[in-house]
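# Coordinate analysis (summary)
Each chain is listed here by its residues.
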Amino acid sequence: MKLEGLIHRVEGYLPGAEVALLRNAYAFSAERHLNQKRASGEPYVSHPLAVAGLVADLRLDIPSIATALLHDTVEDTLTTLGHIEKEFGSEVAGLVDGVTKIGRINFTSREEHQAENFRKMILAMSRDIRIILIKLADRTHNMRTLDGLAVGRQEKVAQETLDIYAPLAHRLGISWMKIEMEDHALRTLHPEIYHQLKRMVAKKKGERERYIRTVQAALKKKVDESGIEAEVAGRPKHFYSIYEKMRKQNLLYEQVFDLVAFRIVVYSFRECYETLGVIHANWTPVPGRFKDYIALPKANGYQSLHTTVVGPDGQRIEIQIRTRDMHRIAEDGVAAHWQYKTGQGSEIADVQRFAWLRQMVEWQNQVRDPHDFLHGLKENLFGEEVWVFTPKGELLHFPQGSSIIDFAYRIHSEVGHHCTGARIGGRLVPLRHSLQNGDTVEIITTRRQAPSRDWLKFVVTPRAKERIRIWLRTQQSARSEEVGRTLLERDLARHGLDFAKLESDGTLARVAAELGATDVTSLIAEIGYGRRMAGEVLARLAVVPEVPAESAASRLQQLLGMVGRRATADGVRVSGLSDVLVRFARCCDPLPGEDVVGFVSRGRGVTVHGMDCARGLEADPLRRVDCVWDGGAETARPVRLEVLVANEQGQLAAISRVLAQAGIDIRKAEARTVADDKALFTFEILVHHIDELRRVRRNLTKLKSVVRVDRLKVRDRPG
């Protein structure tokens, strides 16, 4: 790509455009990148010029192309955004700023850093879609020029592309970018498979081209005879799609028959269906392989009729039928919809086509936990979809595997909270029912219903998960406030102090501030959770000295009564003692590193719960005792993990390999198939610390076939 070639390309679709801005941007970029080289040894300015060419291929406006020329100046030179704004105006400076922030994403960094950078990307997309389109062009050119990098760096960039950028291009509907990035990623990550496929495809190239010409001519003849003017084209499937089909269906290359797809482009909406009738009248359709994406468009705006028929020589051929406008959208996606006005940023021509973008913004606002956010992004944004109807006929898209609860929370949070089931086609279905394409869902609610922690095991969408968690936290918070007030009122009363009076005269507010609590309510909740003792409040009121540890231990011994004591190897200290009989609650099964609290059971020692355990909060607060993990303990504790995966060969081996690489011992493993062609593995593993478990879960979710990883309570450990 040369500058004059770029300008000629732009003038082809933007006659009279202000190309002087592009000349200035190129000169500025060339001067700032002077003496800089790419890893391949080429002058660095060749990269922004190539990216600008790709942006022009998307037929974007002059500010977008200028941004492509300038996109690395702030990140890789001493240029500031102030310099950009002074030379090129606020619109270009804003775009460069957005692309620069996205460019700084480091997918190998800490999870929190990844999550925050993804949040920035989503907000940038919602603010101006041109930002992510420029970034996709940047990534496409980087994938074309990977060879100059070290092998390890090549693999990291390719995996980033396959995990995030290619699916994002798909979600935005830019099919040619998605295809190119996937093929480059396959060549980098699995070179032996890529080159083997390339050899096999090349070996049959002549035969395939003859077949394409034969089918193309037959299709054209039948469509012309019906009086429909159409363009018919045939193309081989790209390498990555062949690889995915072979992998998912466990096929050999010779067993993949539909290696060629045909596209028929007509002028009108009506002619799409007329052409479909012509095709089915002349060739036998394959049952279950017809999809109407015109009446029911994909979430990215894609529209087309898809059918598979038995063509010449008995081979199955896939045919797509669409109008010219539909074809433009199928190739360029969101770029074909976005309208630009000089100096006014961008706006959506048809907002409903990109409702998913609003959902993404909503997700990033609601889901604060980094692990949940990243997992939800991978699982829900880039996964397969199902579409269902409300009773009023409104069409809604959901990630595959979504449940009735997911649907209910999409309608409204209160509908989700009180959902007890649903009717689909007049048939009652339970909360766990997975939504299927074409379902019309009528939610059934009752005021007595409330969310359960078990719901988190089968809901899929981030909105539903976060709403359930918020409700559970709210209930736990209310319970902790009740418990905390009871404990504090009891201890104050022992010293003749009235809780209500101390609250009304501001004394408790002063104590809360001195102890670092936000307010009196927060202080009471902390006491209820066990994170703070009522004695700390009494000490601040100067009515009683802080209780010595020896005295506390003595009172604990009295409370424990005749419990037999032993030296514990469980790694928990109870109020400073190390020889108390300790049991771990099976309802939450806490691990070292998690906040814990103990409850005394006469004759049975101390039962240790996680600090936020709902059953622990419901226990008698008068029997609560402080517990901490013994920092020197190295005892491994059993944990049960439930892993839902696509039902493919080799999944157990892949999961076991991840666990082995993490140094995790497997005590027990179970497997069974479930609905929707999924497999469910249940593992009991030995873990030393909560951080170790988090790392394992994080690594498991990186496996492409893994749908979710849940922690279960250990049921079969001796009490």
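In this text, all values refer to a predicted model and were calculated from it rather than measured experimentally.

Rules of the game
- Residues numbered from 1 in each chain as written.
- Predicted model: local features only at pLDDT ≥ 70, side-chain atom pairs only at ≥ 80, totals over all residues.
- Heavy atoms only, no water.
- Helix = DSSP H or I, 4+ residues; strand = E, 2+ residues; numbered from the N terminus.
- Buried < 20%, exposed > 50% of the residue type's maximum accessible area, 1.4 Å probe, protein only.
- Contact = heavy atoms within 4.5 Å.
- Areas by Shrake-Rupley, 256 points an atom, 1.4 Å probe, with all protein chains shown as cover.
- Core = buried A, V, L, I, M, F, W, Y, C linked by side-chain atoms within 4.5 Å.
- Lys, Arg positive; Asp, Glu negative; His and termini not counted.
- Salt bridge = Lys/Arg side-chain N within 4 Å of Asp/Glu carboxyl O.
- Polar contact = N/O pair within 3.5 Å; in protein donor to acceptor, adjacent residues only side chain to side chain.
- Phe/Tyr/Trp six-rings, centres within 6.5 Å; stacked < 30°, edge-to-face > 60°.
- Lys NZ or Arg CZ within 6 Å of the ring centre and 35° of its normal.
- Axes fitted to C-alpha atoms, helices over the stretch in contact; angles between N-to-C directions.
- Parallel < 35°, antiparallel > 145°, perpendicular 65-115°, else oblique.
- Left-handed = near helix turned anticlockwise from the far one by under 90°.
- Nonpolar A, V, L, I, M, F, W, Y, C, P; charged D, E, K, R; others polar.
- Expected span 1.5 Å × (residues − 1).
- Pairing = 2+ DSSP bridges.

## Some details on the overall build of the chain
- Helix and strand counts for the chain come out as 30 helices and 22 strands.
- Across the 719 residues of the chain, 49% fall into the buried class.
- Taking the intrachain contacts of the chain between residues at least 6 apart in sequence as the baseline, contacts between residues at least 24 apart amount to 66%.
- Counting every atom, the chain has about 34,100 Å² of accessible surface; 49% of that belongs to carbon and sulfur.

## Description of the nonpolar core
- Core analysis: the biggest nonpolar cluster contains 64 residues, and Leu6, Val10, Ile65, Ile84 and Leu136 have the highest contact counts within it.
- If you look at the next biggest cluster of nonpolar residues, it comprises 24 residues, including Val429, Leu431, Leu435 and Val459.

## Some remarks on the side chain of aspartate 406
- Looking at where aspartate 406 falls in the secondary structure, it is placed in helix 20 (residues 404-411).
- Buried aspartate 406, no salt bridge; nearest opposite-charge side chain is lysine 465, N-O distance 7.6 Å.
- There is a polar contact of 3.0 Å between the side chain of aspartate 406 and the backbone nitrogen of valine 460.
- Contacts of aspartate 406, omitting those with residues within four sequence positions, involve Phe398, Phe458, Val459, Val460, Thr461 and Ala464.

## A short note on the pattern of salt bridges
- If you walk through the whole model with that rule in mind, you get 27 salt bridges.
- For arginine 130, the salt bridge goes to aspartate 61, with nearest N and O atoms at 2.7 Å. With a gap of 69 residues between them, arginine 130 in helix 9 (residues 130-144) and aspartate 61 in the loop between helix 3 (46-57) and helix 4 (62-70) connect regions that are remote in the sequence.
- Residue classification places arginine 130 among the buried positions, given a relative accessible area of 0%.

## Details of the packing of aromatic side chains
- The final tally for this structure, using the stated rule, is nine aromatic pairs.
- Between tyrosine 194 and phenylalanine 239, the aromatic rings sit 5.1 Å apart at their centres with planes inclined by 85 degrees, giving edge-to-face as the arrangement. One end of the pair, tyrosine 194, is in helix 12 (residues 191-203); the other, phenylalanine 239, is in helix 14 (residues 239-249), with 45 residues separating them in the sequence.
- You can call tyrosine 194 buried: its relative accessible area is 10%.
- Above the plane of the ring of phenylalanine 398 lies arginine 410, whose end atom (NZ or CZ) is 4.3 Å from the centre.

## Structural notes on unusual backbone geometry
- Look at asparagine 35: it is not a glycine, yet its phi comes out positive at around 75 degrees.
- When you line up the elements, asparagine 35 lands in the loop between helix 2 (20-32) and helix 3.

## Concerning the packing of helix 1 (residues 3-13) against helix 2
- The geometry of helix 1 relative to helix 2 is characterised by a closest axis approach of 11 Å and an angle of 150 degrees between their N-to-C directions. Classified by the angle between their axes, helix 1 and helix 2 sit roughly antiparallel to one another. Handedness of the helix 1/helix 2 crossing: right-handed. Contacts between helix 1 and helix 2 involve Leu3, Glu4, Ile7 and Val10 on the former and, on the latter, Leu22, Arg23 and Tyr26.
- Its residues assigned to classes, the contact of helix 1 with helix 2 shows five nonpolar, no polar and two charged.

## Thoughts on helix 22 (residues 462-494)
- Counted at 1.5 Å a residue, the expected span for helix 22 with its 33 residues is 48 Å, and the 48 Å between its end C-alpha atoms agrees.
- Where helix 22 ends, the next residue or the one after it, glycine 496, has phi of about 70 degrees, a positive value.

## A closer look at the side chain of glutamate 180
- Of note, glutamate 180 is situated in helix 11 (residues 175-189).
- Separated by 2.3 Å, the side chains of glutamate 180 and arginine 144 make a polar contact.
- When neighbours within four sequence positions are excluded, glutamate 180 is seen to be in contact with Thr140 and Arg144.

## Comments concerning the sheet that holds strand 12 (residues 427-429)
- A sheet is described by the order of its strands in space; here three strands give the open sequence 12-11-13, paired in antiparallel fashion. Edge strands, defined here as strands with exactly one partner in the open sheet, are strand 12 and strand 13 (441-445). Neighbour-to-neighbour, the strand axes of the sheet open up by a mean angle of 30 degrees, direction not taken into account.
- One ladder, built from three bridges, connects strand 11 (residues 419-424) with strand 12; its direction is antiparallel. Following the sheet pairing, isoleucine 424 is matched in strand 12 by arginine 427.
- Packed onto the sheet, helix 20 meets strand 11, strand 12 and strand 13 and runs at close to 100 degrees relative to strand 11.

## Quick look at helix 11
- Helix length check: helix 11, at 15 residues, gives a terminal C-alpha distance of 21 Å against a target of 21 Å (1.5 Å per residue), a fit within 8%.
- Packed against the buried residues of helix 11 are helix 9, helix 10 (151-171), helix 12 and helix 14.

## Quick look at the environment of glycine 605
- Among the secondary structure elements, glycine 605 is positioned in strand 17 (residues 605-610).
- A residue is classified by how much of its surface remains accessible, and glycine 605, at 0% relative accessible area, is buried.
- Sequence spacing of glycine 605 and valine 582 is 23 residues, and the spatial spacing of their C-alpha atoms is 5.9 Å.

## Examining the sheet that holds strand 20 (residues 665-674)
- Taken together, the four strands give an open sheet; going across it, the order is 20-21-19-22, and neighbouring strands pair in antiparallel fashion. Of all the strands in the sheet, just strand 20 and strand 22 (706-712) have a single pairing partner and so form its edges. Strand-to-strand, the axes of this sheet are offset by a mean angle of 20 degrees, without reference to chain direction.
- Helix-sheet contacts for helix 30 (residues 690-701) involve strand 19 (637-646), strand 21 (678-687) and strand 22, and the interaxial angle to strand 22 is about 160 degrees.

Geometric descriptors of this kind do not, in isolation, establish any biological role.
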